Amino acid sequence: MPAAQKEAFQRKFDKVNSIIERHGGKVSNLIAILQEIQSEYRYLPEEVLTYVATALGIPPATVYGVATFYAQFSLKPKGKYVIKVCDGTACHVRGSEKLRYVIREKLGLDESKDTTDDLKFTVETVSCIGACGLAPVVMVNDRDVYGQLTPEALSIVLDQLIAKEKTSDAGGDGPAGHGTAGNKSPASNAAGNDVTRGDATRDSAARDGREEGGRR
Ligand code: FES
């Protein structure tokens, strides 16, 4: 193994070790440990799961069992922005399928590929997220909710996220994604530019007799 790779590998386990220590090295804290590891890496690498099992003194199958049982855990790398498109009943009848199409078109994804090659974006379809009054709804990073979205409004939101990432890559201020807490979030930027209350979204609001709404 090349030295740089070995060093990166060691660093990875250093982080895992500190997470395990923070949870007292207790098997009863396994879910919390896995949550924190996923927050750190955006997914649960296989070798890390094996390492956790060894560190906690339990069979790897136990750790894998927990990691695969709960939908919150992913064994595949995810993008910096995880875009969840709600396809619950309310969102489905109000056009969630079109929103999924816009996202996949814009990000170059398809049904067999849900994460961009640069690991910037992942798109997921979820069931009701409890904001049916704002249907159709898209949520970014389990935090920023965009409601009453039309394909046009969503396209603008995506353009802003993509532009933010380009600025971030060029050395400018990055958005508040995983591990970048404290920076301005893409959603607050979008709201500041009135994206989710643009014409297309207002049309949607008018349809429902609601002029207020959008992201919350
Ligand atoms: S169906 Fe989408 S938020 Fe409830």
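A quick note: this is a predicted structure, and the numbers were derived from the prediction, not measured.

Definitions and limits used
- Residues numbered from 1 in each chain as written.
- Predicted model: local features only at pLDDT ≥ 70, side-chain atom pairs only at ≥ 80, totals over all residues.
- Heavy atoms only, no water.
- Helix = DSSP H or I, 4+ residues; strand = E, 2+ residues; numbered from the N terminus.
- Buried < 20%, exposed > 50% of the residue type's maximum accessible area, 1.4 Å probe, protein only.
- Areas by Shrake-Rupley, 256 points an atom, 1.4 Å probe, with all protein chains shown as cover.
- Phe/Tyr/Trp six-rings, centres within 6.5 Å; stacked < 30°, edge-to-face > 60°.
- Axes fitted to C-alpha atoms, helices over the stretch in contact; angles between N-to-C directions.
- Left-handed = near helix turned anticlockwise from the far one by under 90°.
- Contact = heavy atoms within 4.5 Å.
- Nonpolar A, V, L, I, M, F, W, Y, C, P; charged D, E, K, R; others polar.
- Expected span 1.5 Å × (residues − 1).
- Pairing = 2+ DSSP bridges.
- Core = buried A, V, L, I, M, F, W, Y, C linked by side-chain atoms within 4.5 Å.
- Parallel < 35°, antiparallel > 145°, perpendicular 65-115°, else oblique.

For the chain, the helix and strand inventory stands at nine helices and four strands. Mapped from its N terminus to its C terminus, the chain presents α and β elements in the order α-α-α-α-β-α-α-β-β-β-α-α-α. Considering the chain as a whole, with its 216 residues, one finds that 44% of them fall into the buried category. Of the roughly 11,200 Å² of accessible surface on the chain, a fraction of 51% belongs to carbon and sulfur atoms.

To continue, consider the packing of aromatic side chains. With the rule as written, the count across this model stands at four aromatic pairs. Measuring from ring centre to ring centre gives 5.0 Å for Phe69 and Tyr70, while their planes differ by 85 degrees; the resulting arrangement is edge-to-face. Tyr70 sits in the partly exposed class, given a relative accessible area of 32%. Grouping aromatic residues by their ring pairs yields a cluster made of Phe69, Tyr70 and Phe73.

Both trends apply: most residues other than glycine have a negative phi, and most peptide bonds are in trans. Following Ala135, the chain continues into Pro136 via a peptide bond in cis, with omega recorded as 0 degrees. Locating Pro136 in the fold gives a position in the loop between β2 (121-126) and β3 (138-140). Located in the positive-phi region is Gln148, a residue other than glycine, with phi close to 50 degrees. Relative to the elements of secondary structure, Gln148 occurs in the loop between β4 (144-146) and α7 (151-169).

What follows deals with the packing of helix α2 (residues 30-41) against helix α3 (residues 46-56). Contact pair α2 / α3: the axes reach a minimum separation of 12 Å and the direction vectors enclose 145 degrees. Regarding α2 and α3, the two cross each other, and that crossing is right-handed. Across from Leu30, Ile33, Leu34 and Ile37 in α2, the residues of α3 making contact are Val48, Leu49, Val52 and Leu56. In terms of residue class, the contact of α2 with α3 is made up of eight nonpolar, no polar and no charged.

The next point concerns α7. Because an α-helix packs 3.6 residues into every turn, residues spaced three or four apart end up facing the same way. Its 19 residues give α7 an end-to-end C-alpha distance of 27 Å, which sits within 8% of 27 Å, the value for a rise of 1.5 Å per residue. Turning to α7, its buried residues number three or more, namely Ala153, Leu154, Ser155, Val157, Leu158, Gln160, Leu161 and Glu165. Backbone geometry just after α7 places Gly171 at a positive phi near 105 degrees.

Further remarks concern the pairing of β2. Taking burial as the measure, the six residues of β2 include five buried ones, the bulk of the element. The pairing of strand β1 (residues 81-86) with β2 spans six bridges and is parallel. Its bridge partner lying in β2, Val85 is registered against Thr125.

As a rule of thumb, nonpolar side chains are buried together in soluble globular proteins. Val16, Leu30, Leu34, Ile37, Val52 and Val63 are the most contacted members of the largest nonpolar core, which has 20 residues in total. Leaving out residues up to four positions away in the same chain, Val63 has contacts with Leu30, Leu34, Leu49, Val52, Ala53 and Ile58. Judged by nonpolar contacts, the second largest core, of 19 residues, contains Tyr146, Ala153, Leu154 and Val157.

We now examine the sheet that holds β2. Strand order in the open sheet formed by four strands is β2-β1-β3-β4, with mixed pairing between adjacent strands. Strand pairing shows two members of the sheet lacking a second neighbour, β2 and β4, which therefore form its edges. In this sheet, neighbouring strand axes are inclined to one another by 20 degrees on average, regardless of whether the strands run parallel or antiparallel. In the sheet, β1 pairs with β3 via three bridges, with the strands oriented antiparallel. Across the sheet, residue Val85 finds its bridge partner in β3, namely Val138. Contacts between helix α6 (residues 96-107) and the sheet are confined to β1, β2 and β3, with β1 contributing the most and set at about 155 degrees to the helix.

Another aspect to go through is the packing of α2 against helix α4 (residues 60-69). Contact geometry for α2 and α4: axes closest at 11 Å, N-to-C directions at 65 degrees. For the element pair α2 / α4, the angle class is roughly perpendicular. The hand of the α2/α4 crossing is right-handed. Here α2 contributes Leu30, Ile31 and Leu34 to the contact with α4, which in turn contributes Val63, Val66 and Ala67. Considering only residue class, the contact of α2 with α4 consists of six nonpolar, no polar and no charged.

Honestly, that's just the spatial picture; any functional story needs more than this.
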